[in-house]
Amino acid sequence: MPVSPSDTRGTVHDLAVIGAGPAGLAAAVTAAELGLTVALLDAAPRPGGQFYRQPAPGLGAARPRALHHSWGAFTRRAARLAAQRAAGRVHHLAEHHVWAVTRATADPEHWTVHAVTGPDGAHGPAPELTARHVLLATGAYERQLPFPGWTLPGVVGAAGAQAMLKAGLVLPGRRIVVAGSGPLLLAVAGSLAAAGARVPVVAEAGDYGAYARSPRALAAQPRKLVEAAGHAATLARHGVRLRSRSAVTAVHGTDRVEAVTLTRLDHDWRPLPGTGVRIPCDALAVGHGLVPQLEPATGLGCATRRTPDGGHALVVDGRQRTTVGGIWAAGETCGVAGAELAFIEGELAARSIAGRGPVGALRRRRDRLRRFALAMAAVHAPRPGWSDWLRTDTEVCRCEEVTAGRIQDAVTGLGARDGRTVKLLTRAGMGWCQGRMCGTAVTHLAGDPAPAPTRRPLACPIVLDHLADG
Amino acid sequence: MPTRNGHHLDTSDVVIVGAGAVGAACAYYAARSGLSVTVVDRGAVAGGTTGAGEGNLLVSDKEPGPELDLALLSARLWRELAAALPPEIEYETKGGLVVAGDEPGLAALRTLSEAQTAAGVASTCLPADRLRDAEPHLAPGLAGGVLYPQDAQVQPALAAAYLLRASGARLHLGAEVTAVLRGPGGAVRGVRTPRGDLLAPAVVNATGTWAGELAALAGVTVPVLPRRGFVLVTEPLPRVVRRKVYAADYVADVASDSAALQTSAVVEGTPAGPVLIGASRERVGFDRTLSVEVIRRLAARAAALFPVLAGVRVMRAYQGFRPYLPDHLPAIGPDPRAPGLLHACGHEGAGIGLAPATGQLIAAALTATPAPLDAAPFRPDRFVERSPA
């Protein structure tokens, strides 16, 4: 049983960890074992984050591990978490949606974490929680690039398809094309195929050959190579074709997906004329890597850096400290690099906060994995020619139904130069997802050479009365 | 002397620095006066305070005096502009409703509206039992209110963008002004940007909250400072709030000299569906960190005024920095300390509303034609610098 939220009232925790994925989980157990009192807040009912998403208990899945890598790394830490909870050193606050972190009014050296509870925040405000340190382990969300037909039913996010599989054990279709870019595609295709779907092709827009051109970062990570080889073997076993420098440039169908057009790309991801091939399928799982989740960090004033794939990640030092004293970060929010690094950074942050234990070895492993992630991000970074896939009537912002043509007009006719002005002039990014879905595309179409990270002072929607009460 | 960065980029009759609503209106009226106009901005159109406001065109919140005169002229000009510009600017003559919670508040409100009437403001007093005819979802128990039919609204970023486009001005966006160029006699002759020099015998400072920095480049002081405000934006709703509705204490907050946090309920619907909730005022410099205290108060006050909003989701919050001057009046007109430099800045929270009249005043000054109203109260050099003891 999670400790009742009322137990946290009036106490000052040494550490509040936001996010119970690999980074947050590792940080919470390490910090608690080093004697700190920890509050672990997470939106989901169970720890594990997006990566270690599990089927609901009612589904009776016999072997959830079959869909996960490094399942043991997770279960070992989950067991340590249970022990620390039982010992009263970790308050695990599940189904807590953190909407802001601010300096505590009573003591500016402390931090107040503001959250609402229950599914979608329906249970109202949680009591304000105070902590000396806050660790942001808020993870990442999937990057999407629009193309004609991407709003048809049957088109799902690649990470979303895997999450569906992990959480609900359902497939988005029977014959599923997997497309986009990034290392996740291979894992997704492997999971879908292993779960019984036919995957005719995986289309990677990037150039796998580019890996061979950054051999040092790769050679330093034999484990990653083994992992990739494992995916490749799974795909080969299921007869999945792997096409590099190719993209789904259109989806066909009336009520739902019936086929996709797969097109060869040049180095800048421009479609090569005459190379389109129609592939029948009933679902498309598509994604272009992950984007660090920067809320509530940007609201706190934490500095960010550009990542090689054109996004933003938090700046942290050798101990996982952000540029705001007392605020720490670990895992994907510092740059997308996978669960293994997230575990390491979580542990490194906890040791740094506690001021205990050797950190040199952890830091060296961290730096190696970061270098690998940077090389990988560069290989899969969206190239500017992707927008040649668009037609003027292609919806870019699905929430507000804003087409590529309208965004183009705002830029050429009305003086928009960045994502923010496009939003003001077209409403693109003002809807339910607050631009998480269309942000990359809008920024690119705005032609902003040095975009700033989007500011979202409220990390999630919140009922007016819950804001007023909290 | 041309320098490496100083090659000549273009020449016009006037360079306007700032592509917000005020800069756009100055460009529009200057161009209509027959001048060739160049507009330069370090960012995009509507990138500063214009893009961070609700787009209010209000007469109701102003006490009789020069600012109200400017607002009344602007209200008339916005009606003309709405006919000339495309409907995308979302001009709505929705009217404002100011409500009072108790009898003393209502009495003060009536006194104000009577004084405003003498200055040309139309209004109707509503007793408590008629408030809900005007706004069906208002909370019960209010003492009464005053309806102001001249209050209107535009979508500020779109209004600025279309106004600028209609002006036909040459646009240099993403070009930061790094110097104000002066001639041998000290007269202003243009501005320098990293892309080149923009030459003109007149330069208009329409840089809003950042106007002090541009003035400093010309060697003069304009004491504009930021006054921060937050706005909450709800999920899209059917039209539950018809007008701009605000509590009577808002008028006092607007005129206040206090640096401390002030919040009053200001609630309005928009054509796109979301309800906008303001208004807070605090002087905290350009601090962009979230103040939970501010948004809590805004949420509580809005829910008290419109109980129907209590269960609605707030999608986002944003903040802006109103450019204020010590006497809460804008600086509009030529600066005698720097011949050729004109200011159109310091409109605090009323820049969208006051933009057209400001543009007309600037155009009149540029063409040496009679001004539509007395510009003396807005003289940019009215803030006498304290002489060293």
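Not measured: the values here are computed from a predicted model.

Student: Whenever I open this one, the overall build of chain B confuses me. Can you help?
Tutor: Along its length, chain B carries nine helices and 20 strands. On C-alpha atoms alone, chain B measures out to a radius of gyration of 21 Å, which is about the 21 Å that the 2.2 N^0.38 rule sets for 389 residues. With the C-alpha coordinates aligned to their principal axes, the bounding extent of chain B is approximately 70 × 50 × 40 Å. Residues classed as buried in chain B amount to 57% of the 389 residues present. Contacts in chain B between residues at least 24 apart in sequence constitute 74% of all its contacts with a sequence separation of at least 6.

Student: Sorry, what's going on with the overall build of chain A here?
Tutor: Check the secondary structure of chain A and you find 13 helices and 23 strands. Over its C-alpha atoms chain A spans a radius of gyration of 22 Å, differing by no more than 12% from the 23 Å that the globule rule assigns to 470 residues. Each principal axis of the C-alpha atoms in chain A carries an extent, and together these give about 65 × 50 × 45 Å. Within chain A, the proportion of its 470 residues that are buried is 56%. Sequence separation of at least 24 residues holds for 67% of the intrachain contacts in chain A that already meet a minimum separation of 6.

Student: Got a minute to help me understand helix α11 (residues 419-426) of chain A in this structure?
Tutor: For an α-helix, the turn length of 3.6 residues means that residues three or four places apart are oriented alike. Summarising burial for α11(A): eight of the eight residues are buried, a large majority. Buried residues along α11(A) sit in contact with β22 (402-403), α10 (404-414) and α12 (439-446) of chain A together with α5 (156-167) of chain B. Two residues or fewer past α11(A), Arg427(A) is found with a positive phi of approximately 75°.

Student: Would you mind going over the interface of chain B and chain A with me for this structure?
Tutor: Interfaces are often sized by the amount of accessible area the parts lose when they come together. Facing the 36 residues of chain B at the interface are 29 residues of chain A. Looking at the side of chain B that touches chain A, the elements that each hand over two or more residues are α5, β9 (170-173), α8 (292-305) and β18 (313-324) of chain B. No other element matches the seven residues that α8(B) contributes to the side of chain B that touches chain A. Partitioning the side of chain B that touches chain A into residue classes produces 25 nonpolar, six polar and five charged.

Student: Teacher, can you tell me more about the pairing of strand β17 (residues 275-281) of chain B here?
Tutor: When a strand is regular, its side chains alternate between the sheet's two faces. Residues and elements named next belong to chain B. Counting buried residues along β17, seven of its seven residues qualify, which places the element largely inside the surrounding structure. Sheet topology note: the strand β14 (residues 225-234)/β17 ladder contains two bridges and is antiparallel. Across the sheet, the residue bridging to valine 233 is leucine 276, located in β17. Where strand β16 (residues 262-269) lies against β17, six bridges are found, and the strand directions are antiparallel.

Student: Explain the sheet that holds strand β11 (residues 201-204) of chain A to me, please; I cannot follow it from the model alone.
Tutor: Consider a sheet: its strands pair through backbone hydrogen bonds, and that pairing is either parallel or antiparallel. Residues and elements named next belong to chain A. In space, the five strands of this open sheet follow the order β9-β16-β10-β11-β12, with parallel pairing throughout. The open sheet has two edge strands, β9 (155-157) and β12 (241-244), and neither has a second partner. Put simply, the sheet's adjacent strands are angled 20° from each other on average, direction ignored. As defined by bridge partners, β11 adjoins β12 across four bridges and the pair is classed as parallel. Note on β12: the bridge partner recorded for alanine 203 is arginine 243. Of the strands in this sheet, β9, β10 (176-181) and β16 (283-288) are in contact with helix α3 (residues 158-168), which crosses β9 at around 85°. Strand contacts of helix α4 (residues 184-194): β10, β11 and β16, with the helix running at about 170° to β10, the strand carrying the most contacts.

Student: Just checking my understanding: could you explain the domain arrangement of chain B for this structure?
Tutor: All names here are of chain B. Assigned domains of chain B: these are domain 1 (8-51 + 157-223 + 328-378) and domain 2 (95-149 + 225-324). Averaged C-alpha coordinates put domain 1 and domain 2 at centres separated by 31 Å. At the interface, eleven residues of domain 1 touch eleven residues of domain 2. Looking at side-chain class alone, the side of domain 1 that touches domain 2 contains three nonpolar, seven polar and one charged residues.

Student: I'm lost on the packing of α10(A) against α11(A) in this one. Help?
Tutor: Angle between the axes and distance between the axes: these two values describe a pair of packed helices. All names here are of chain A. It is at 10 Å that the axes of α10 and α11 come closest, and there the two elements cross at 105°. As summarised for this structure, α10 and α11 are arranged roughly perpendicular, according to the angle between their axes. Between α10, through Arg406, Ile407, Ala410, Val411 and Leu414, and α11, the contact on the second element is made entirely by Val422, Leu425 and Thr426. Taken together, the residues of the contact of α10 with α11 sort by class into six nonpolar, one polar and one charged.

Student: Got a minute to help me understand the sheet that holds β9(B) in this structure?
Tutor: Residues and elements named next belong to chain B. Strand order in this open sheet of six strands is β9-β3-β2-β13-β20-β19, and the pairing throughout is mixed. Both outer strands of the open sheet, β9 and β19 (331-334), are each paired with one neighbouring strand and no more. When the angles between neighbouring strand axes are averaged without regard to direction, this sheet yields 20°. Where β19 and strand β20 (residues 341-345) come together, four bridges link them in antiparallel fashion. Along β20, the bridge assignment pairs isoleucine 332 with alanine 344. Sitting on the sheet, helix α9 (residues 351-367) touches β2 (14-17), β13 (203-205), β19 and β20, and the angle it makes with β19 is about 15°.

Cut-offs applied
Within each chain, residue numbers correspond to sequence positions counted from 1 in written order. Chains carry letters and ligands carry numbers; both start at the beginning, A for chains and 1 for ligands, and go up in the order they are written. A pLDDT threshold of at least 70 governs which residues receive local features in this predicted model, and a stricter bar of 80 or more applies before side-chain atom pairs are shown or counted, although totals over entire chains, interfaces and linings include all residues. Only DSSP runs of H or I with at least four residues qualify as helices, and only runs of E with at least two residues qualify as strands; both kinds are numbered from the N terminus onward. Within these notes, the globule rule equals 2.2 Å times the number of residues to the 0.38 power, and the radius of gyration is based on C-alpha atoms. Counting other C-beta atoms within 10 Å of its own, a residue is labelled buried from 20 upward, exposed at 12 or fewer, and partly exposed in the gap between, with every C-beta atom placed from the backbone. Here contacts are defined at the residue level, using C-beta atoms placed from the backbone and a cut-off of 7 Å between them. Residue type decides the class: Asp, Glu, Lys and Arg count as charged, Ala, Val, Leu, Ile, Met, Phe, Trp, Tyr, Cys and Pro as nonpolar, and the leftover types, Gly among them, as polar. Should DSSP find at least two bridges between two strands, the strands are taken to pair. Inter-axis angles, ranging from 0 to 180 degrees, are taken between N-to-C directions of lines fitted to C-alpha atoms, where helices are fitted over the stretch in contact. What counts as a domain boundary in this text is fixed by an automatic or database domain assignment. Should an angle fall under 35 degrees it is called roughly parallel, over 145 degrees roughly antiparallel, and 65 to 115 degrees roughly perpendicular, with every other angle called oblique.

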